[in-house]
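An overview of the molecular structure
Residue strings, one per chain:
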Amino acid sequence: MTAGSDLLIDAFGRVRETVHEVVTGLRPDELTARLDDRANSLSWLVWHLTRIQDDHLADAAGTEQLWTSQGWFERFALPFSSAATGYGHSPKDVAAVQGLTPELLTGYQDAVHDSTVQYLAGLDDSDFDRVVDEDWTPPVTLGVRLVSVIADALQHAGQAAFVRGVLRHGVLPHK
C-alpha cells in the first residue's frame, strides 16, 4: 500500500462513518422525510452517494458493481433500472425511494466501502495517473476520479447530516 492509497482509504472511511452516524437509529418516516417537496431525503442521499461510489469504483477497477453482483438491487427493490445511480433524478424519483432501513443503507455502504478498500490497497502511486475517462479536457485520471467521488460523497453525507439535525431538533424552515 502507498501513501496515496492510505489517504484515500482514510477519506472513504470518513464517508462510511458519516453514513452510519446519519442513519443509525432513525425511523422509516425520518429516512424518507424531506424538508420540502423538492428536497432530497436521507434515504435518497445515502443510497445515491453509495451508488456513485459503487459505480465509479467498479468502473475504475474493471469489475461488476456490487449493486448487481451482490443482490443489493433486489434487496432495495427501488422502481429504477439497475443502472440508476440517482444522477439526474427528479423530485418524483427522490420521493420513490421508500421502504429502506438504516441496516439496509449501512449494509450496502459497508460492502462498497470494503470493496473500495480492497481495490485501493492494491494500487501503487503511479496507478493514480492512469486515464479513466477521455471525455473531458483534460482527460480524467484515476486519482482525480477518486477525489471527485470522495468530494461528492462527503457533500451528500453532510447534506444528510443536516437533514437529520433538522428532523431531530424539530426545526423546519418557514414557508
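A brief structural summary. Source: prediction; values computed, not measured.

1. As for the overall build of the chain
- Along its length, the chain carries eight helices and two strands.
- The linear arrangement of helices and strands in the chain, starting from the amino end, is α-α-α-α-α-α-α-β-β-α.
- In terms of overall dimensions, the chain is globule-like: its C-alpha atoms have a radius of gyration of 17 Å, near the 16 Å expected for 175 residues.
- Judged by the C-alpha coordinates and their principal axes, the chain covers about 50 × 30 × 30 Å.
- Residues classed as buried in the chain amount to 46% of the 175 residues present.
- Across the chain, contacts joining residues at least 24 apart in sequence account for 71% of those joining residues at least 6 apart.
- Here the chain contributes 13 positively and 25 negatively charged side chains, and the mean placements of these two sets differ by 11 Å.

2. Comments concerning helix α3 (residues 42-61)
- The end-to-end C-alpha distance of α3, which contains 20 residues, comes to 28 Å, matching closely the 28 Å that a straight helix rising 1.5 Å per residue would cover.
- In terms of burial, α3 is largely enclosed, as 16 of its 20 residues are buried.

3. Re the packing of α3 against helix α7 (residues 102-121)
- It is at 10 Å that the axes of α3 and α7 come closest, and there the two elements cross at 25°. Judged on the interaxial angle alone, α7 and α3 are roughly parallel. In terms of crossing hand, the pair formed by α3 and α7 is left-handed. Residues S43, V46, W47, L49, T50, R51, Q53, D54, L57, A60 and A61 of α3 form the contact with α7, whose participating residues are L105, Y108, Q109, V112, H113, T116 and Y119.
- Per-class residue counts for the contact of α3 with α7 are 10 nonpolar, six polar and two charged.

4. What about the environment of E17?
- Along the chain, the position of E17 falls in helix α1 (residues 3-23).
- You can call E17 partly exposed: its relative accessible area is 45%.
- For the pair formed by E17 and Q109, sequence separation is 92 residues and the distance between their alpha carbons is 9.8 Å.

5. With respect to α1
- Over its 21 residues, α1 runs 31 Å from end to end, which matches the ideal 30 Å to within 8%, given 1.5 Å per residue.
- When α1 is considered as a whole, its buried residues turn out to be G4, S5, L8, I9, A11, F12, G13, V15, V19, V22 and V23.
- Residues of α1 that are buried sit in contact with α2 (28-32), α3, α7 and α8 (142-169).
- In the segment just after α1, G25 is the residue with positive phi, at about 85°.

6. Some thoughts on the pattern of salt bridges
- Evaluated as defined, the whole model comprises seven salt bridges.
- The salt bridge involving D10 is made with R14; its shortest N-O contact spans 2.7 Å. Here R14 and D10 lie together in helix α1, a separation of four residues that amounts to about one turn.
- Relative accessible area serves as the criterion here: at 39%, D10 is assigned to the partly exposed category.
- One salt bridge connects R145 with D133, and the closest N-O pair in it is separated by 3.0 Å. On the criterion of sequence distance, the pair formed by R145 in helix α8 and D133 in strand β1 (residues 131-133) is long-range, its members being 12 residues apart.
- A cluster of three or more residues bridged by salt bridges with shared partners is formed by R27, D29, E30 and R168.

Thresholds, definitions, all that
In every chain, residue numbers begin from 1 and rise along the written sequence. Selection of residues for local features in this predicted model requires a pLDDT of at least 70, selection of side-chain atom pairs for listing and counting requires 80 or more, and totals for whole chains, interfaces and linings are taken over all residues. As a convention, hydrogens and water are excluded, and side-chain values are obtained from all of the structure's heavy atoms. Helix and strand labels come from DSSP, where a helix needs a run of H or I of at least four residues and a strand needs a run of E of at least two; each type is numbered from the N terminus. To get the radius of gyration, use the C-alpha atoms; to get the globule rule, take the number of residues to the power 0.38 and multiply by 2.2 Å. Partly exposed describes any residue whose relative accessible area lies between the buried limit of under 20% and the exposed limit of over 50%, with all areas from a 1.4 Å probe on protein chains only and scaled to the type maximum. The contact definition used throughout considers only heavy atoms, calling two residues in contact when any of these lie within 4.5 Å. All tallies of charge rest on Lys and Arg as positive and Asp and Glu as negative; His and the ends of each chain are not included. Every charge is mapped onto a representative atom, which is NZ of Lys, CZ of Arg, CG of Asp or CD of Glu. Between the first and last residue of a helix there are one fewer steps than residues, each counted as 1.5 Å, and that sum is the expected span. For helices, the axis comes from a line fit to the C-alpha atoms of the stretch in contact; other axes are also lines fit to C-alpha atoms, and the angle between any two N-to-C directions lies between 0 and 180 degrees. Should an angle fall under 35 degrees it is taken as roughly parallel, and over 145 as roughly antiparallel, whereas 65 to 115 is taken as roughly perpendicular and any remaining angle as oblique. Crossings are assigned a handedness: left-handed for a near helix turned anticlockwise from the far helix by less than a right angle, right-handed for a clockwise turn. Each residue gets one of three labels, nonpolar for Ala, Val, Leu, Ile, Met, Phe, Trp, Tyr, Cys and Pro, charged for Asp, Glu, Lys and Arg, and polar for the others, Gly among them. Counted as salt bridges are all cases of a side-chain nitrogen of Lys or Arg within 4 Å of a carboxyl oxygen of Asp or Glu.

Spatial relationships are all this shows, so hold off on functional conclusions.
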